Amino acid sequence: MPRPQRSPITFTIDGRDVVAPEGTMLADAAKVGDVEIPVFCYEPKLGAPVGACRMCLVEVEGIPKLQTACSTPVKDGMVVNTTAPKVKAAQESVLEFLLVNHPLDCPVCDKGGECPLQDISYGWGRGLSRVAEPKRHFTKPLELSPLIAIDRERCILCYRCVRFSQEVAEDHQLVFLERGADTYVGTFDSHPYVAPFSGNIIELCPVGALTSRPYRFRARPWDIEGGGTVCTLCPGQCNVTHTVRDERVLRTLSRENDAVDDGWLCDKGRFSYQAATAPERLQQPLVRDADGNLQPASWDDALDRAASILRASGERTAAIAGGRTLNEEGYLLQRLLRDQLSSPHLESRIAPGPSRELLAALHAPALQATVPDLEFAHHVLLLDIEPQEAAPILELRLRKGARRLGTKLSVAGPRPSALDPRAQHVLRYAPGGNEGFLKALAAALEGGDVSGPAAAAGIDAAAVSGLADTLKAAGEDRVILYSDALLSGPGADESARALLRIAAALSLSGEDGAGSGGAGLLGIPATTNGRGLREAGVLPDAGPGLRAVAHPGRDLPGIAEGLAGSELDALIALGVDPIADLQGRAAWRQALGASHLIAVSSFLTEGVAGYAAVVFPQEAPAEQEGTLTHPDGRVQRARPAVRRPDGIRSGWWVLAQLAARLGDRTTLHTAGMAFAELTAEVPFLAGLTLDEIGGKGVRWPTLAEAATWPKGTTDLEPQTDATVVPPANGALRLARQSSPWRIPEVAASKALRFLVPSADARLAPADAERLGITEGSPVALSVDGTEISATARLDSRIPAGTVVAQAGVPGGGADELGGAAAGGIGLVEVRSA
Amino acid sequence: MTPAPEHDSYFIERGPEPGGTGAVGRAFGETLRGLKTTFGRLVEGPTTVQYPEEKIPVYPRFRGRHRLHRFEDTGLEKCVGCSLCAAACPADCIRVVAAENTPDHRVSGGERYAAVYEINMSRCIFCGYCELACPFDAITMGNDFELADYTRSDLIFTKEMLLAEPLERTPLRAEGE
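Residues numbered from 1 in each chain as written. Chains lettered and ligands numbered in written order. Predicted model: local features only at pLDDT ≥ 70, side-chain atom pairs only at ≥ 80, totals over all residues.

Q: Teacher, can you tell me more about the overall build of chain B here?
A: Each helix and strand counted, chain B has four helices and five strands in total. Reading chain B from its N end, one meets helices and strands in the order α-β-α-β-β-α-β-β-α. Relative to the 2.2 N^0.38 estimate, which gives 16 Å for 177 residues, the radius of gyration of chain B is 29 Å and therefore markedly larger than a compact globule would have. Expressed along its principal axes, the backbone C-alpha trace of chain B runs to roughly 95 × 50 × 35 Å. Within chain B, the proportion of its 177 residues that are buried is 20%. A fraction of 71% describes how many contacts in chain B between residues 6 or more apart in sequence connect residues 24 or more apart. (Helix = DSSP H or I, 4+ residues; strand = E, 2+ residues; numbered from the N terminus. Rg over C-alpha atoms; globule rule 2.2 N^0.38 Å. Buried ≥ 20, exposed ≤ 12 C-beta atoms within 10 Å, placed from the backbone. Contact = placed C-beta atoms within 7 Å.)

Q: Help me out: how do you make sense of the overall build of chain A in this one?
A: For chain A, the helix and strand inventory stands at 26 helices and 34 strands. Each principal axis of the C-alpha atoms in chain A carries an extent, and together these give about 85 × 65 × 60 Å. When each of the 833 residues of chain A is scored for burial, the buried share is 58%. Of all intrachain contacts in chain A linking residues separated by at least 6 positions in sequence, the fraction that spans at least 24 positions is 72%.

Q: Looking at this model, I keep getting lost on the domain arrangement of chain B. Mind explaining?
A: Quite often, the size of an interface is put as the accessible area lost when its parts meet. Partitioning chain B into structural domains gives domain 1 (16-47) and domain 2 (66-163). Relative to domain 2 of chain B, the C-alpha centre of domain 1 of chain B lies at a distance of 58 Å. (Domains from an automatic or database assignment.)

Q: Can you walk me through the sheet that holds strand 12 (residues 239-245) of chain A in this structure?
A: Picture the strands of a sheet paired through backbone hydrogen bonds; they go either parallel or antiparallel. All names here are of chain A. Across the sheet, which stays open at both edges, the three strands sit in the order 11-12-13 with antiparallel pairing between neighbours. Two strands lie at the open edges of the sheet, namely strand 11 (225-230) and strand 13 (248-254), each paired on one side alone. When the angles between neighbouring strand axes are averaged without regard to direction, this sheet yields 30°. Across six bridges, the pairing between strand 11 and strand 12 is antiparallel. Within strand 12, the position partnered with glycine 228 by the bridge is threonine 241. (Pairing = 2+ DSSP bridges. Axes fitted to C-alpha atoms, helices over the stretch in contact; angles between N-to-C directions.)

Q: Sorry, what's going on with helix 15 (residues 461-473) of chain A here?
A: For an α-helix the count is 3.6 residues per turn, leaving residues at separations of three or four pointing the same way. Residue and element names in this part refer to chain A. With 13 residues, helix 15 extends 18 Å from end C-alpha to end C-alpha; this agrees with the ideal 18 Å at 1.5 Å per step. Of all the positions in helix 15, only Val464, Leu467, Ala468 and Leu471 are classed as buried. Each buried residue of helix 15 lies within a common arc of 100° when the element is viewed along its axis, so the set occupies one face. In helix 15, the exposed positions angled more than 90 degrees off the buried face are occupied by Ala462 and Ala473. Against the buried residues of helix 15 lie strand 18 (379-383), strand 19 (408-413), strand 20 (423-428), helix 13 (434-446), helix 14 (451-457) and strand 21 (478-483). (Expected span 1.5 Å × (residues − 1). Arc of directions from axis to C-beta.)

Q: Before we go on, may I ask you to explain the interface of chain B and chain A in this structure?
A: Facing 13 residues of chain B, the contacting portion of chain A comprises seven residues. Listed by contribution, the elements that provide at least two residues to the side of chain B that touches chain A are helix 2 (84-88) and strand 2 (94-100) of chain B. Among the residues forming the side of chain B that touches chain A, the class breakdown is eight nonpolar, two polar and three charged. (Nonpolar A, V, L, I, M, F, W, Y, C, P; charged D, E, K, R; others polar.)

Q: Looking at this model, I keep getting lost on the domain arrangement of chain A. Mind explaining?
A: For chain A, the assigned domains are domain 1 (8-83), domain 2 (286-350 + 529-694), domain 3 (356-524) and domain 4 (732-832). Taken over C-alpha atoms, the centre of domain 1 of chain A sits 41 Å from the centre of domain 3 of chain A.

Q: How should the confidence of the model for chain B be read in this particular structure?
A: The predicted coordinates should not be examined in detail at positions where pLDDT is low. The predicted model of chain B has a mean per-residue pLDDT of 89, with 95% of residues at 70 or higher. As scored by the predictor, the complex reaches a pTM of 0.91 and an ipTM of 0.83. (pLDDT = per-residue confidence, 0-100.)

Q: Help me understand unusual backbone geometry, please; the structure alone is not making it clear to me.
A: Most peptide bonds are trans, and most residues other than glycine sit at a negative phi. Residue proline 141 of chain A follows lysine 140 of chain A across a cis peptide bond; omega there is -15°. Summarising the element assignment, proline 141 of chain A is placed in the loop between helix 3 (116-124) and strand 6 (142-143). Between tyrosine 51 of chain B and the following residue, proline 52 of chain B, the backbone shows a cis peptide bond with an omega angle of 5°. Within the secondary structure, proline 52 of chain B sits in the loop between helix 1 (22-44) and strand 1 (66-68). Its identity is not glycine, yet aspartate 246 of chain A carries a phi of approximately 50°, on the positive side. Examined against the element boundaries, aspartate 246 of chain A turns out to sit in the loop between strand 12 and strand 13.

Q: Would you take a moment to explain the pairing of strand 27 (residues 634-638) of chain A for this structure?
A: Note on strand geometry: in a regular strand, side chains alternate between the two faces of the sheet. All names here are of chain A. With respect to burial, strand 27 is a largely interior element, five of its five residues being buried. Because side chains alternate across strand 27, one face comprises the buried residues Arg634, Gln636 and Ala638, and the other comprises Val635 and Arg637, equally buried. Where strand 26 (residues 626-629) meets strand 27, four bridges bridge the pair, whose relative direction is antiparallel. Looking across to strand 27, one finds that leucine 628 is bridged to glutamine 636. Hairpin geometry of strand 26 and strand 27 is characterised by an intervening segment of four residues between the two adjacent antiparallel strands and by a positive phi of about 95° at glycine 633. Two elements, strand 27 and strand 28 (residues 698-699), share two bridges in a ladder whose sense is antiparallel. In the strand pairing of strand 28, arginine 634 is matched with arginine 699.

Q: Teacher, can you tell me more about the sheet that holds strand 5 (residues 156-157) of chain B here?
A: All names here are of chain B. Across the sheet, which stays open at both edges, the three strands sit in the order 2-3-5 with antiparallel pairing between neighbours. Every other strand in the sheet has two partners, leaving strand 2 and strand 5 as the edge strands with one partner each. As paired elements, strand 2 and strand 3 (residues 112-120) share seven bridges and run antiparallel to each other. Paired with valine 97 across the two strands is valine 116, which belongs to strand 3.

Q: Would you take a moment to explain the environment of alanine 463 of chain A for this structure?
A: All names here are of chain A. With respect to the helices and strands, the residue alanine 463 is situated in helix 15. We classify alanine 463 as partly exposed; it has 19 C-beta atoms within 10 Å. Residues alanine 463 and serine 488 lie 25 residues apart in sequence; the distance between their C-alpha atoms is 24 Å.

Q: Mind showing me how you'd approach the packing of helix 13 of chain A against helix 15 of chain A here?
A: Two quantities define a packed helix pair, namely the angle between the helix axes and the distance between the axes. All names here are of chain A. In contact at an axis separation of 9 Å, helix 13 and helix 15 are set at 55° when each is read in the N-to-C sense. In this view, helix 13 runs oblique relative to helix 15, as classed from their interaxial angle. For the pair helix 13 and helix 15, the crossing hand works out as right-handed. Residue-level inspection shows Ala440, Leu441, Ala444 and Leu445 of helix 13 in contact with helix 15, the latter providing Ala461, Val464, Ser465, Leu467, Ala468, Leu471 and Lys472. (Parallel < 35°, antiparallel > 145°, perpendicular 65-115°, else oblique. Left-handed = near helix turned anticlockwise from the far one by under 90°.)

Q: I would appreciate a short explanation of the environment of glycine 530 of chain A in the present structure.
A: Residues and elements named next belong to chain A. Among the structural elements, glycine 530 can be located in helix 17 (residues 530-535). Along the sequence, glycine 530 and glycine 322 sit 208 residues apart, while their C-alpha atoms lie 7.1 Å from each other. Setting aside chain neighbours within four positions, we find glycine 530 in contact with Pro235, Ser348, Arg349, Asp484 and Pro525.

Q: Is there a simple way to think about the packing of helix 8 (residues 327-340) of chain A against helix 22 (residues 651-661) of chain A in this case?
A: All names here are of chain A. Put simply, helix 8 and helix 22 touch, their axes get as near as 9 Å, and they point 15° apart. When the interaxial angle is binned, helix 8 and helix 22 end up roughly parallel. Here helix 8 runs over helix 22; the crossing is left-handed. Counted together, Glu328, Glu329, Leu332, Leu333, Arg335, Leu336 and Gln340 of helix 8 and Gly651, Trp652, Leu655, Ala656, Leu658 and Ala659 of helix 22 form the full contact between these two elements. Tallied by class, residues from the contact of helix 8 with helix 22 come to eight nonpolar, two polar and three charged.

Q: I would appreciate a short explanation of helix 7 (residues 299-313) of chain A in the present structure.
A: All names here are of chain A. In this model helix 7 runs 21 Å from its N-terminal to its C-terminal C-alpha over 15 residues, within 8% of the 21 Å that 1.5 Å per residue would give. Within helix 7, the full set of buried residues consists of Ala302, Leu303, Ala306, Ala307, Ile309, Leu310 and Ser313. Mapping the buried residues of helix 7 onto a view down its axis gives an arc of 160°, with all of them on the same face. Opposite the packed face of helix 7, turned more than 90 degrees from it, sit the exposed residues Asp300 and Ala312. Buried positions along helix 7 lie against strand 14 (286-288), strand 16 (317-321), strand 23 (570-574), strand 24 (596-601), strand 25 (612-617) and helix 22. At the C-terminal side of helix 7, glycine 314 shows a positive phi close to 55°.

Have a look at this one:
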């Protein structure tokens, strides 16, 4: 869908001629002419204006009554007056009315000092109130949710929070209750407002009615300073500003970047800053002593110990990077392994993925869709991705496009998604049927045999053909949003080829293959900087810049196998816990038990606490310095908002020190030097400087250097038939659900702890009835002798024959189920416990 | 008679020429004139105040060490920890960390109270802006000026010190005195 083009028009405001884009609202256009019109309810991010607060009344020549500037589009030749006595009288009256019931408790109100109502009263109010009557009273403050406090006396009924809930997040929880002066914001039956994006209403509220409970009374605006950086907790990489007081992050606010986050944040990004000051966070290096206990050690001792382990293991070393690892750290890690230890065994994905040539083709600049493309596309196809889990902020973008611009969505995957109600097509194939489904869709688009691969994926061929017809008929801007999970497991290469054939059939890279304005593929990796780590060379078969390497290393199962056997001796885990984060827990327990683990971690998760020989403490997100790459190719800067605690050092420093102890002669003194070395090695980042990246980031696919991106494979013909998903035969097919709240930072944040997922197993009511399972009853799931317990949840959106089990819960959950299920295709016995 | 000066000329009055017969008398006379002041003060007696045994009373509006106040009836602190004093302070010597009152731990009259309230007296310039900024009359300037101490850290006054009844060390000048 082409982006709206607005031609400039000239209008007059307060006697001045101003040029503004046609159709912008007067309240925005006035700013071009340096005129400020006060507003409370108007917020362009929330969509169409409602004109609820009447604060923005202005006089427009030719219209007898005053007009609301927030909902009046500018037209050529319009003459606007914001200083007429009539306007002044209206502004004063509106403020006087708003203050009739607003308590004057600014000294105790958290909004005091950064409050639009204070500012506007000061700037446009009359300074005196003629109202001597008692004010309206509510009980205060109340918990709207464990994260948000509501003070209804302060509410001016501007509608912003309600509009956010109804029209942006579309969780439909907040409503206005009662009528007239008794109106108040609330939820049905006073249920707590718990939603993935609930924290945004705190930032939206123009008064102190909605305040953050974790930030309650912590600081006032003049006590604090802001530190702008990037949230490193998920691949969404929203831009944030941390509120800092006394070298402590006290609050996280969004730092609007239209190309990344559109000014919103999810609750994980907004509240998990508390994890940095949690008592369980590691504050110094740990070394395992002779008795097998982790003991605090000095940095020198820990580095020496790690270096001696690596010296002994040499080329029998493997390394896995993940979590919050930055580009520089990834680059130094692969250099440490490839140059100092001569080992090729590197991985940055959580499951084996497509080969180098296929990755090069999938991420080719011409085929790359951007985040704003999701909004302006004609049709967005979501493949095996639940945005709420993968990168929550994308869900708001997809909803925005679908609601305001009529972008069509289609969802295909083994599990139900929160976007299903918005989707034109909802296709549910069997867990593990990725390859079959992609082949079926490719065949449907190319005119081949659909029924064979569709049957292999356990999906109706007609449904696939219907989706293909819709995609063909949709406008040219078609975007495919997919997750790493779509292209992982044994059939990853075949799936990737099929996906590339789909992209070619839909000519997503333009008619001439040189890229098209708004179409493409957007793959969301499983870890925050998954894309950056791939491009920095943390892959078994690719070096920096995704260049080919002479001797490819082992993939993840290969590394686990090697560690468990005698082929590999040591593993470096950078920001990742092999047991908690990777698939196949039993195999990794065995692997770590038989080898030396050097971990860089913030928390003592299972693998780190149980197996690590040396643990280096990791920086918190607000302390990190370096660059990271957004899934759409935007290189962004993480800048430290607070000082690191004394016992903690940067990841790049640890790697540089290890390399130096192993004979590396280069010296690194700053993260910037590490970035310079990275750009020297990666051709498509050549010449990029930190200054150019700045606060908003730079998309490297738009740079001239993008031409040096390696050529991907052109041989897309299927080489095998689609793997057939085994029939259920009374058992159920296992699909994993990975909650966005599974990361240790959430469990360590006092405010967010209540969101840590519980072990749920969701299954279709038909299956539940057959197995004699009722809602909320305990069930046991078993695969090949491994058994986990869970709570049954009946969900009619799940197709019969599938059970969706929660992964990443305390005690393991679905992650514990190993065997064939680890690869994605597995049958699980479910019985009432 | 002094002639009126022209607009571009000035009349300069000169002293007597040095030397000559009148010089001795003039020198002796001037010395006597100076000695008159000396002996006059000698008779008046000493005006030195024997501080610290003796103190000059300060005026009621003298701005000395701050005091924090409680409500007389309930005993709750007046300060709600709003930090406006810290915002007003030009020397940046006030630090306030607020906390929330709970039903079983009520410290102040409002929703919040000052968990930490510190004034660094070695930085304070005693301008009284904090008193002016305070919306609850919780902080006022007292009249104590004897704040010297041996270490700088002892000059950081905590909330407990500021709330405590100060020692009556400085006499106050009575109304109209």
